[in-house]
Amino acid sequence: MIGIVVLLVGLILALVFQPEISALMPTVSSELSPALADNDTALTDQIIDGKDVDTGLLAGDGLEIVKGNCTACHSSALILQSGFTREGWHEKIVWMQETQGLWDLGGNESIILDYLATNYGPKESHGRRMPLTGIDWYELKD
Ligand code: HEC
């Protein structure tokens, strides 16, 4: 019996407030959908703390061209973890062209190589300290 009363009260409330509820609906959905659409179109092209938000690549000349050509098959992580000279990067590109189906980069190749060599050059330290200098060695005596 109480269940039926609660149900009826609920129905009446729903009917009374229906205009307000339906008035709210379009506002909510039109505010939500553009945001959802933005999230779906992946790239933001935002730079925060000198890094491209989409890929983690360092900001610099040629970034957009590198993003466009170098993150199509694999993630930018392969670049982030690498450090090569310009020649070294060129060898990687030739290797990908010969064995992995990377396309001819045309005039963009030198822009890409400049970007990579500048921002992802050979890593200076491989976890070993620099050799000590200026030490006064002395002879051990027995
Ligand atoms: C057509 C697909 C494709 C494109 C485009 C591509 N790569 Fe690659 N790349 C590969 C494949 C496949 C591998 C091997 C991945 C693996 O080992 O998991 C690779 C590996 C790499 C590696 C690791 C190689 C190593 O020996 O350490 C680096 C660095 C790299 N790519 C950089 C780049 C750069 C820079 C570009 C833009 C010029 C690029 N890739 C564009 C397919 C591609």
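Fair warning: this is a prediction, and the values are worked out from it, not measured in the lab.

Caption draft 1: Representation of the packing of helix 2 (residues 63-70) against helix 5 (residues 108-119) in the model. Contact pair helix 2 / helix 5: the axes reach a minimum separation of 9 Å and the direction vectors enclose 105 degrees. Between helix 2 and helix 5, the crossing angle belongs to the class labelled roughly perpendicular. Residues Leu-63, Ile-65, Val-66, Asn-69 and Cys-70 of helix 2 form the contact with helix 5, whose own contacting residues are Asn-108, Ile-111, Ile-112 and Tyr-115. Classifying every residue of the contact of helix 2 with helix 5 gives 7 nonpolar, 2 polar and no charged.

Caption draft 2: Representation of helix 5. Under the 1.5 Å per step criterion, the end-to-end length of helix 5 is 16 Å for 12 residues, consistent within 8% with the ideal 16 Å. For helix 5, the complete set of buried residues consists of Glu-109, Ile-112, Leu-113, Tyr-115 and Leu-116. In a view along the axis of helix 5, the buried residues occupy a sector of 165 degrees, so they form one face of it.

Caption draft 3: Spotlight on the coordination of the iron atom of the ligand. Here the iron atom of the ligand is held by the protein donor atoms His-74 (NE2) and Met-96 (SD), which lie 2.0 Å from it. Judged by its relative accessible area of 26%, His-74 falls in the partly exposed class.

Caption draft 4: Molecular detail of the site of the ligand. Near the ligand you find 18 residues, and of these Cys-70, Cys-73, His-74, Lys-92 and Met-96 are the closest. Within the side chain of His-74, one N or O atom sits 2.7 Å away from a nitrogen atom of the ligand. The contact in question runs from an oxygen atom of the ligand to an N or O atom on the side chain of Lys-92, over 2.7 Å. Taking a 2 Å distance to the grid points as the criterion, the majority of the atoms of the ligand fall inside the largest pocket.

Conventions adopted
- Residues numbered from 1 in each chain as written.
- Predicted model: local features only at pLDDT ≥ 70, side-chain atom pairs only at ≥ 80, totals over all residues.
- Heavy atoms only, no water.
- Axes fitted to C-alpha atoms, helices over the stretch in contact; angles between N-to-C directions.
- Helix = DSSP H or I, 4+ residues; strand = E, 2+ residues; numbered from the N terminus.
- Parallel < 35°, antiparallel > 145°, perpendicular 65-115°, else oblique.
- Contact = heavy atoms within 4.5 Å.
- Nonpolar A, V, L, I, M, F, W, Y, C, P; charged D, E, K, R; others polar.
- Expected span 1.5 Å × (residues − 1).
- Buried < 20%, exposed > 50% of the residue type's maximum accessible area, 1.4 Å probe, protein only.
- Arc of directions from axis to C-beta.
- Donors = N, O, S within 2.8 Å, 3.2 Å for Na, K, Ca; no water.
- Near = heavy atom within 4 Å.
- Polar contact = N/O pair within 3.5 Å; in protein donor to acceptor, adjacent residues only side chain to side chain.
- 1 Å grid on protein atoms, 1.4 Å probe; cavity = no way out; pocket = protein on both sides within 12 Å on 5 of 7 lines; lining within 4 Å.
- Sits in = over half its atoms within 2 Å of the grid points.

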